[in-house]
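Coordinates in review
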Amino acid sequence: MDRFPHVAKIQIPFIVNGKNVTVQAYPMERLLDVLRKQLQLTGTKEGCGEGECGSCSVLMDGILVNSCLVPALQASGCHVLTIEGLASQGKFHILQEAFQEFGGAQCGICTPGMILAAVHLLERKSEPTMDEIREALSGNLCRCTGYSQIVEAVAEAARRRCKTA
Amino acid sequence: MVPHSVVGKSVPRKEGREKVTGASQYVDDMVLPGMLFGATVRSRIPRGRIRKINFGTGINWNEFVIVSAADIPGKNCISLIADDQPCLAHDLVNHCEEPILLLAHSDRYLLPEAVEAISIDYDPLPAVLTMEQSERCSEIIWGQDNVFKTYIIEKGKLDGIWAQADSIVEGEYTTGAQEQLYIETNGMIAAFDPAKGVTVWGSLQCPYYIHKALMTLCGLPAEKVRVVQMETGGAFGGKEEYPSMIAGHAALLAMKAGKPVKIIYDRLEDMTATTKRHPSRTRHRTAVTRSGKILGGEIDFTIDGGAYLTLSPVVLSRGAIHAGGPYFWPSVRISAKAVATSAPPHGAFRGFGAPQSLFAMERHMDRIAQTLGISPIEVRRQNFLQPGQATTTEQVIRESIDLNKMLDRALELSDYDSKKRKFEIQNLKGPIKKGMGIAAFLHGAGFTGSGERYLGSVVGVEASADGTVRVLVSSTEFGQGTKTVLSQIAAEALTLPFENVSMAQPDTQEVPNSGPTVASRTVMVVGNLVQSAALGIRQTLISSGLLREDYSPDEFQAACKAYVAKHGQFRSWSRYEAPSGIFWDDEKYRGEAYAAFAWAVYVAEVSVDLETYSVSVDDFVALQEVGKVLHPLLARGQIIGGVAQGIGFALYEKVVWQNGRMQNGQMTNYIMPTSQDLPAIRVYFEELGNIHGAYGAKGIGELPMDGPAPAIVNAVEDALRVHFDSVPLLPEDIMSALDGDGTAGDLHRDLGVASGGR
């Protein structure tokens, strides 16, 4: 018995956090499950499984996606960035640093997705307004913080990045 | 006094690095060799007798581990207050989603189909779907009278006040169920070894609740049950009692399978089957003078406990004690009652009864003001509790709290007066109506009455030869900052750098029972014990001649090294002792209900759009007195997060019930606030200090849940001049109140909206 009884697993090559990987997966398996179970990248979280909460957000070729809604096949040949790929050589990404400093993470379950949504925003807009930050993060639900300290962390990270750029 | 070096500073969150890098291990991130996955077969009807369980075709049932009530080695219950809730229904089901059977398989993808393939034949019994139906007792579903618990709080004499009163003001206020909606759904892993017993790892608040429940369920002695908390992705009370059920299920499957079993709920299962905030109904009848002074009154507070008793008596107790708000009642009679219905049991959720009764109190204060034609400010000033006065349980306020001053400050911060004037003119025209609303309230920290005495919490602090210190508590971190603040307290007590203190993972094999992580008790009660256990380490080193009174971290390390070399493990323990002179009568519900209260005044500014009927919160001022703020960043985070949940409670979060089952158990149709739905919530603290808590801290976690709903509904009423006495208050509620049965034109004209457009 199989989840996908009439379909065979296929080889899906893609790039995750800069590394080439090839996984054996059902074409319609969720990218989220491939990341978590096959690649042990458990920093990507499942909150709702229906694309509402954003906990499973990753960047796919620079686009913010809910990995619970992305079939594994679709990742074929793509660059996927997960939270594990953000810090470089053990050094925090500027957003991770700001989240830590400004209280952006409480229970931490939405944090990886939230940070990736913020990365996506700062890639598009180097100096977002508070309203733009709120809009960009509105697909990522957080039940702990009431968002203020997340928004402040993102604003501060943007400031710091502009300064160092 | 020596200035604090660690306490009061926003030091880095202990587990912050792991959280921002995704390295934290939550239960679903953990994999054990040979692990199976478990699923739960649940009742699809609210009440009935199980006649037959049918295993459908097309599934190879031999591959599944199947557990029913008959497999339970101990007692079939989730041991808590009463042992009335079965772990698996055997004969009767008493609510929708009640667990009946458990399945496990190595392929988690196969489980949903298998659950679906099982059908159960029932002899249905009539369900009791509302509190009113329960009260009528036409169908008895619990005990003799469907009543889980009652309390009466009486102060003074009500006789005569009704005749003395210039006015008698009545009101009825209701609140709905609310889902905790932690973003990490519930989950547990269990493993069983005949020699070592059962071990569970999970997302949870209270390791020792589960420990007790598993001993009863599995028929195992204390040393053969081990409970370990994994990183927990939000809880808010929602992981206080229900995790005992899931741990029980995982344990039963693991015992039968001989392999570890993981159960992770999906969102729909989590929302429909686990606990929610108790729906409530509060009736006020209040005798007041012309100037707005309360002479006395009756408060009737009723909550819907659902199908089993679980924590309802305790929720009821807190709701009843808070029902009089931060006001002085010369006389009062509070009658509180928790009733049974055929809903899944309602349970702990931040605030624990207080948001319900305080919503009523603060709406009723505005009702009194309107009746008398005085301002909402004036009616509160007339009645604020003053130091030296007694609460409804006759607890004398010893703190130098000045609620008038707090109200002044909140009004100033929110620019209340000038905005009120401005809105009165603005509201004459156009579809956007603006209003201001106030809520004043209090929240008791720690367990109620003699609760802390019964708990008798124990805390340990361990010093190692390398001079580092480890705090041993069962108190759990789930976002609030437990690990950080308790480490700060230990570091402060030992005058060590914050980095030298770590926290043991809550594991019942490692840590003592410091009580559940609930009731805003961790910082004040557990923190106090951490402080005294840490001081025990210091005293031991000093009295054994290894350390001077004044020492550096290096000297502390040398002393620890010497001590450990001579004596081995170096631990200091501290057990809760009730402060002297504390009086509480469990029978009459009279006395010192809480060791300390936190106090607050919140002001909400709202806009109501009469074209969409949506309400937006444009500004929110949250001013509170919580004693010493030990970690300003975390404290502010707690307040903003609580206010956000309060805004959800007020305006967004509606559980839709049909025949006893939640119909909107998904994030798609149960709506919580997003970053775009909330204003920048403004947080302010006053710090009076407190004699009971560590470094003067009081409880903070639940307080911010109490105020937003009444402040917002008061503001909506201010904007529209229409009464709303229920939350959640959704656009459709406003629409039907305004439009009613075809009277829209009149009401809209009254509200300044020209018919036929703007």
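Take the overall build of chain B next. Looking only at helices and strands, one finds 21 helices and 28 strands in chain B. Based on the C-alpha atoms only, the size of chain B along its principal axes is roughly 75 × 75 × 50 Å. The buried share of chain B, taken over its 758 residues, is 58%. Counting contacts in chain B only where the partners sit at least 6 residues apart, residues at least 24 apart contribute 81% of the total.

Right, let's get into the packing of helix H9 (residues 354-372) of chain B against helix H10 (residues 376-383) of chain B. Packed helix pairs are characterised by how far apart their axes lie and by the angle those axes make with each other. Residue and element names in this part refer to chain B. At a minimum axis distance of 8 Å, the contact between H9 and H10 shows a crossing angle of 110 degrees. Classified by the angle between their axes, H9 and H10 sit roughly perpendicular to one another. Taking contact as the criterion, the partners of Met365, Asp366, Ile368 and Ala369 in H9 are, on H10, Pro376, Glu378, Val379 and Arg380. Looking at the contact of H9 with H10 residue by residue, the class counts come to 5 nonpolar, no polar and 3 charged.

Turning to the environment of Ala558(B), a few remarks are in order. With respect to the helices and strands, the residue Ala558(B) is situated in helix H16 (residues 553-567). Along the sequence, Ala558(B) and Asp466(B) sit 92 residues apart, while their C-alpha atoms lie 7.9 Å from each other.

A word on the domain arrangement of chain A. All names here are of chain A. Considered domain by domain, chain A is made up of domain 1 (10-85) and domain 2 (94-164). Here domain 1 and domain 2 have C-alpha centroids that lie 21 Å from each other. The partner domain 2 presents 13 residues to the 14 residues of domain 1 that form the contact. At 3 residues, the largest contribution of residues to the side of domain 1 that touches domain 2 is made by strand S3 (residues 57-60). Across the side of domain 1 that touches domain 2, the residue classes break down as 6 nonpolar, 7 polar and 1 charged.

Take the nonpolar core next. Core analysis: the largest hydrophobic core is formed by 291 residues, its most contacted members being Ala190(B), Ala250(B), Ala251(B), Ala490(B), Val530(B) and Ile712(B). When residues no more than four places from it in sequence are discounted, the contact partners of Ala490(B) are Val461(B), Val469(B), Val471(B), Val501(B), Val530(B) and Ala534(B).

Paired through backbone hydrogen bonds, the strands of a sheet run either parallel or antiparallel to each other. Residues and elements named next belong to chain A. What the 5 strands build is an open sheet, ordered S2-S1-S5-S3-S4; its pairing is mixed. Looking at strand neighbours, the two that pair on one side only are strand S2 (19-25) and strand S4 (63-66), the edges of this open sheet. The mean inter-strand angle of the sheet, taken between neighbouring strand axes irrespective of direction, is 40 degrees. Where strand S1 (residues 10-16) meets S2, 7 bridges bridge the pair, whose relative direction is antiparallel. Counterpart to Pro13 in the pairing with S2 is Thr22. Each of S3 and S4 touches helix H3 (residues 111-124); the most contacted strand, S3, lies at about 35 degrees to it.

Conventions we followed
Residues numbered from 1 in each chain as written. Chains lettered and ligands numbered in written order. Predicted model: local features only at pLDDT ≥ 70, side-chain atom pairs only at ≥ 80, totals over all residues. Helix = DSSP H or I, 4+ residues; strand = E, 2+ residues; numbered from the N terminus. Buried ≥ 20, exposed ≤ 12 C-beta atoms within 10 Å, placed from the backbone. Contact = placed C-beta atoms within 7 Å. Axes fitted to C-alpha atoms, helices over the stretch in contact; angles between N-to-C directions. Parallel < 35°, antiparallel > 145°, perpendicular 65-115°, else oblique. Nonpolar A, V, L, I, M, F, W, Y, C, P; charged D, E, K, R; others polar. Domains from an automatic or database assignment. Core = buried A, V, L, I, M, F, W, Y, C linked by C-beta atoms within 7 Å. Pairing = 2+ DSSP bridges.

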